[in-house]
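Here's the letter readout for the chains.
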Amino acid sequence: MDTSIPVLTIDGPSGSGKGTISRIVASRLGWHYLDSGALYRVVGYAAGRDGADVSDATAMAALAARTAVRFVTAGDAEPRVLVDGVDATDAIRTESAGAAASVVAAMPAVRQALLDKQCAFRQRPGLVADGRDMGTVVFPDAGCKVFLTASADQRAQRRHKQLKEKGLSVNIDDLLREILARDARDAERAVSPLKPADDAVLIDTTDVPVERVVARVLALLPDHIRG
Ligand code: DC
């Protein structure tokens with residue numbers, strides 16, 4: 001990995017605004033964008049597709065290593081995700097793929113199998129990396145690290161809106177329960193738990209408009225990068 005290529009890491013829990021903020025910032029900078037959560041979701045989705053056992057860490061690590069994932073970016077919009085050549089953009093966003101992703105994400109062998117794939121995104125002119133452990137584990141040398149938070153209620157409302165826009169109807173109380181359960185699993189797991197890097201800047205996005213968060217993140221970058 002070429003460590004002279006600049007990286008901005010944006011970590012945080014589900015619904016904190018990471019995806020939206022990261023895509024806009026990457027597009028403004030003209031940098032590459034890594035949605036690392038999508039890689040874990042792809043493993044969850046591929047397990048369902050193949051009828052594989054998500055509790056079998058060896059099988060899940062092998063699946064993570066052999067599954068080909070390609071992102072097709074389109075400015076600020078969510079990139080299309082091709083899994084073994086098939087468009088699985090919507091399939092990886094279902095709650096069941098998310099729940100399976102959270103299970104496989106707790107397996108050290110799966111995290112190891114996805115590490116090289118994530119490092120390969122570090123390409124010129126720079127990378128915005130979105131996830132849970134971008135600043136702590138995958139790109140610990142990143143020049144700029146952000147950790148986004150938001151109240152659980154607001155995160156549930158954002159997920160609800162996103163799912164509704166995709167034509168999926170989910171009860172908001174169920175979503176809140178699912179978000180709290182997933183937060184606990186992600187924060188309490190032994191490998192790469194969800195926590196801010198010591199040198200990350202914390203930004204609470206509750207009731208803060210997207211454009212204000214984008215401006216705060218861009219302001220953290222050195223002048224020569226912002227242009
Ligand atoms: O951000 P997301 O909801 O798409 O992430 C899906 C799951 O993957 C979530 O349970 C946390 C996990 N994940 C992880 O463990 N490490 C990352 N860098 C990104 C996501």
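Quick caveat, the model's predicted, so the values are computed rather than measured.

### What about the layout of surface pockets?
Working step 1: The computed volume of the largest pocket comes to approximately 990 Å³.
Working step 2: Looking at the largest pocket, it is lined by 43 residues, and the ones nearest its centre are G15, K18, G19, R159 and Q162.
Working step 3: Of all elements in the fold, only α1 (18-29), β2 (32-35), α2 (36-50), α4 (95-104), β6 (127-131), α7 (152-165), α8 (172-188) and α9 (210-219) reach the threshold of two or more residues within the lining of the largest pocket.
Working step 4: No other element matches α7, which puts seven residues into the lining of the largest pocket.
Working step 5: In terms of lining residues, the second largest pocket is bounded by 14 residues, among which W31, H32, Y33, T73 and P79 are the most central.
Working step 6: Those elements that place two or more of their residues in the lining of the second largest pocket are α1, β2, β3 (69-74) and β4 (77-83).
Working step 7: Looking at the lining of the second largest pocket, its residues break down into eight nonpolar, five polar and one charged.

### Some remarks on the site of the ligand
Working step 1: Among the 17 residues in the neighbourhood of the ligand, the closest are listed as R41, R111, R132, D133 and R189.
Working step 2: A distance of 2.6 Å separates an oxygen atom of the ligand from a polar atom in the side chain of R41.
Working step 3: Within the side chain of D133, one N or O atom sits 2.9 Å away from a nitrogen atom of the ligand.
Working step 4: Look at the ligand: alone it shows 450 Å² of surface, and the protein chains cover 96% of it.

### Notes on the pattern of salt bridges
Working step 1: Across all of its chains, the model carries 17 salt bridges by this definition.
Working step 2: In this structure, K18 and D130 form a salt bridge, with 3.7 Å as the shortest nitrogen-oxygen distance. Here D130 lies in strand β6 and K18 lies in helix α1, a separation of 112 residues in the sequence.
Working step 3: The buried category is assigned to K18, whose relative accessible area is 9%.
Working step 4: Its relative accessible area of 3% is what places D130 among the buried residues.
Working step 5: A salt bridge links D186 to R189, with the nearest nitrogen and oxygen atoms 3.4 Å apart.

### Quick notes on the packing of α2 against helix α3 (residues 57-66)
Working step 1: The interhelical angle for the contact between α2 and α3, taken along N-to-C directions, is 105°, at an axis separation of 10 Å. Here α3 runs roughly perpendicular to α2, going by the angle between their axes. Contact with α2, carried on its side by V43, A46, A47, R49 and D50, involves M60, L63, A64 and R66 of α3 and no other residues of that element.
Working step 2: Tallied by class, residues from the contact of α2 with α3 come to six nonpolar, no polar and three charged.

Rules of the game
- Residues numbered from 1 in each chain as written.
- Predicted model: local features only at pLDDT ≥ 70, side-chain atom pairs only at ≥ 80, totals over all residues.
- Heavy atoms only, no water.
- 1 Å grid on protein atoms, 1.4 Å probe; cavity = no way out; pocket = protein on both sides within 12 Å on 5 of 7 lines; lining within 4 Å.
- Points joined across faces, edges and corners; volume = space filled by probe spheres on them.
- Helix = DSSP H or I, 4+ residues; strand = E, 2+ residues; numbered from the N terminus.
- Nonpolar A, V, L, I, M, F, W, Y, C, P; charged D, E, K, R; others polar.
- Near = heavy atom within 4 Å.
- Polar contact = N/O pair within 3.5 Å; in protein donor to acceptor, adjacent residues only side chain to side chain.
- Areas by Shrake-Rupley, 256 points an atom, 1.4 Å probe, with all protein chains shown as cover.
- Salt bridge = Lys/Arg side-chain N within 4 Å of Asp/Glu carboxyl O.
- Buried < 20%, exposed > 50% of the residue type's maximum accessible area, 1.4 Å probe, protein only.
- Axes fitted to C-alpha atoms, helices over the stretch in contact; angles between N-to-C directions.
- Parallel < 35°, antiparallel > 145°, perpendicular 65-115°, else oblique.
- Contact = heavy atoms within 4.5 Å.

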